[in-house]
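Okay, here's what each chain looks like letter by letter:
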Amino acid sequence: MVQAKTWILTKHFDGFPKDSNFESRWRSFPSPKMGVLLEAVFLSVDPYMRVIQSNNPAFPVGSHVVGRCGWRTHTISDGTDLIPIMPDWPQDISLSLALGTIGMPGLTALYGIEEVLDSRKVRPSWVNAAAGAVGSVVGQIAKIKGCKVVGSAGSDAKVAFLKELGFDEAFNYKTISSLEEALKKASPEGYDCFFENVGGPFSTVALQQMKNFGRIAVCGSISVYNDTTPQTGPYPHLTMIFKQLKMEGFMQSRWEQAPRIPQEADGWLKEVSDGKQFHITKGFENMPAAFMGMLQGDNIGKAIIAYLYDKSGVCSYLFCI
């Protein structure tokens, strides 16, 4: 029998999530006769697992896969819902990057810039929530491509982090007196590109700072995720018409694929500073706290749960976005 520790959602959120929305349970199941037994190495919204027992030749023991398996230490799969991580993963690149630069956040940043924004050299670009898992990679890729990059974040520590990553300008939106004035000061000529992660009033102000024919990639709207009453207006239509703006919502799953080293990244992968882009919380039991902390902006970069397996003393990492 295999013992798996899991977290379940006992009640859907009404506003901001609370501890009472989650419950930890143990689950027992027999070793698979035909399927694949997975043990968590990295967990995220898209969990990263390793195969520790298998009767499926497509997934030999020790291989690493991607699967949507929830918050749990072990699970059994018939293999149909698993995507293998490239077997020739470079030894000098940490597998943890499959959750960051090379995983969903990094690919979201890459495709948002290349496919949605069509970012070109020296274009002024603004990214909000810039110290998060996606935003921090957006800024670095844009800089490598020659763009002027402005980032906003919610603490002075995060602003310092953005400066370390090479952002041209960065500011703490919680301490400024005017978002409009901060954006004008950072880029008086306006912005060709805007990578949107926040939504709400941020968008209203940002649209006014866009240059004609500007492009907006709508990746997230974290400012409204936990609202109990939907926010309303003002409405952007006239601004978008007169400035002839292009705004496009997107999800990385449009180009979904297994974590890999994209051909586009060959020349700049090691330039992207991923080593510092993790916020670590210790203990599988703290997953809900880490999740809620992420929603409150406690993390710089990717939010991680570090989990120590009692039986072996081997340290693994459980990730949440």
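Everything below is about the structure printed above this text.
The structure contained in this document is the topic of the report that follows. (Residues numbered from 1 in each chain as written. Predicted model: local features only at pLDDT ≥ 70, side-chain atom pairs only at ≥ 80, totals over all residues. Heavy atoms only, no water.)

Here's the deal with the pairing of strand β10 (residues 169–172)
Right, so step 1: Direction of pairing for strand β9 (residues 148–153) relative to β10: parallel, over a ladder of 4 bridges. In the strand pairing of β10, Ala153 is matched with Asn172.
Right, so step 2: The handedness of the β9 to β10 crossover, carried by helix α3 (residues 156–165), is right-handed. (Pairing = 2+ DSSP bridges. Helix = DSSP H or I, 4+ residues; strand = E, 2+ residues; numbered from the N terminus. Right-handed = clockwise from strand over helix to strand, strands pointing away.)

Remarks on the sheet that holds β10
Right, so step 1: Read from one edge of the open sheet, 6 strands run β10-β9-β8-β11-β12-β13, paired in parallel fashion. Each edge of the sheet is formed by a strand with only one pairing partner; in this case those strands are β10 and β13 (246–249). Put simply, the sheet's adjacent strands are angled 15° from each other on average, direction ignored.
Right, so step 2: Judged from the 4 bridges that link them, strand β12 (residues 210–218) and β13 form a sheet pairing that is parallel. When the sheet's bridge partners are listed, Ile216 is paired in β13 with Met247.
Right, so step 3: Sheet strands in contact with helix α4 (residues 179–186) are β8 (124–127), β9, β10 and β11 (191–196), and its direction is about 165° off that of β10. (Axes fitted to C-alpha atoms, helices over the stretch in contact; angles between N-to-C directions. Contact = heavy atoms within 4.5 Å.)

Considerations on the packing of aromatic side chains
Right, so step 1: The tally for this structure, following the rule as stated, stands at 11 aromatic pairs.
Right, so step 2: Seen from their ring centres, Phe22 and Trp71 are 5.9 Å apart, and the 20° between their planes marks the pair as stacked. With Phe22 in strand β2 (residues 22–29) and Trp71 in the loop between β5 (64–66) and β6 (74–77), this pair connects stretches of sequence that are 49 residues apart. Each member of the pair, Phe22 as well as Trp71, carries the same accessibility label: buried.
Right, so step 3: Between Phe22 and Phe291, the ring centres sit 6.1 Å apart and the planes meet at 80°, which makes this aromatic pair edge-to-face. Of this pair, Phe22 sits in strand β2 while Phe291 sits in helix α7 (residues 287–295), and the two are 269 residues apart along the sequence.
Right, so step 4: Phe22 sits in the buried class, given a relative accessible area of 11%. (Phe/Tyr/Trp six-rings, centres within 6.5 Å; stacked < 30°, edge-to-face > 60°. Buried < 20%, exposed > 50% of the residue type's maximum accessible area, 1.4 Å probe, protein only.)

Describing the packing of α4 against helix α5 (residues 201–209)
Right, so step 1: The contact between α4 and α5 brings their axes to 10 Å, and the two run at 40°. Considering the angle they form, α4 stands oblique to α5. The crossing of α4 and α5 is right-handed. Mapping the contact onto sequence places Leu179, Glu180, Leu183 and Lys184 in α4 and Phe202, Val205, Ala206 and Gln209 in α5.
Right, so step 2: Of the residues assigned to the contact of α4 with α5, the class counts are 5 nonpolar, 1 polar and 2 charged. (Parallel < 35°, antiparallel > 145°, perpendicular 65-115°, else oblique. Left-handed = near helix turned anticlockwise from the far one by under 90°. Nonpolar A, V, L, I, M, F, W, Y, C, P; charged D, E, K, R; others polar.)

Some remarks on the pattern of salt bridges
Note on pairing: side chains with opposite charge can pair once their charged atoms come close.
Right, so step 1: The full count for this structure, using the stated rule, is 7 salt bridges.
Right, so step 2: In this structure, Asp168 and Lys143 form a salt bridge, with 3.0 Å as the shortest nitrogen-oxygen distance. With Asp168 in the loop between α3 and β10 and Lys143 in helix α2 (residues 135–144), this residue pair connects regions lying 25 residues apart in the sequence.
Right, so step 3: Look at Asp168 and you get partly exposed, because its relative accessible area is 30%.
Right, so step 4: On the basis of relative accessible area, Lys143 is assigned to the partly exposed category, the value being 28%.
Right, so step 5: A salt bridge links Glu248 to Arg254; the nearest nitrogen and oxygen atoms lie 3.1 Å apart.
Right, so step 6: The exposure class assigned to Glu248 is buried, which follows from its relative accessible area of 19%.
Right, so step 7: Residue Arg254 is classed as partly exposed on the basis of its relative accessible area of 47%. (Salt bridge = Lys/Arg side-chain N within 4 Å of Asp/Glu carboxyl O.)

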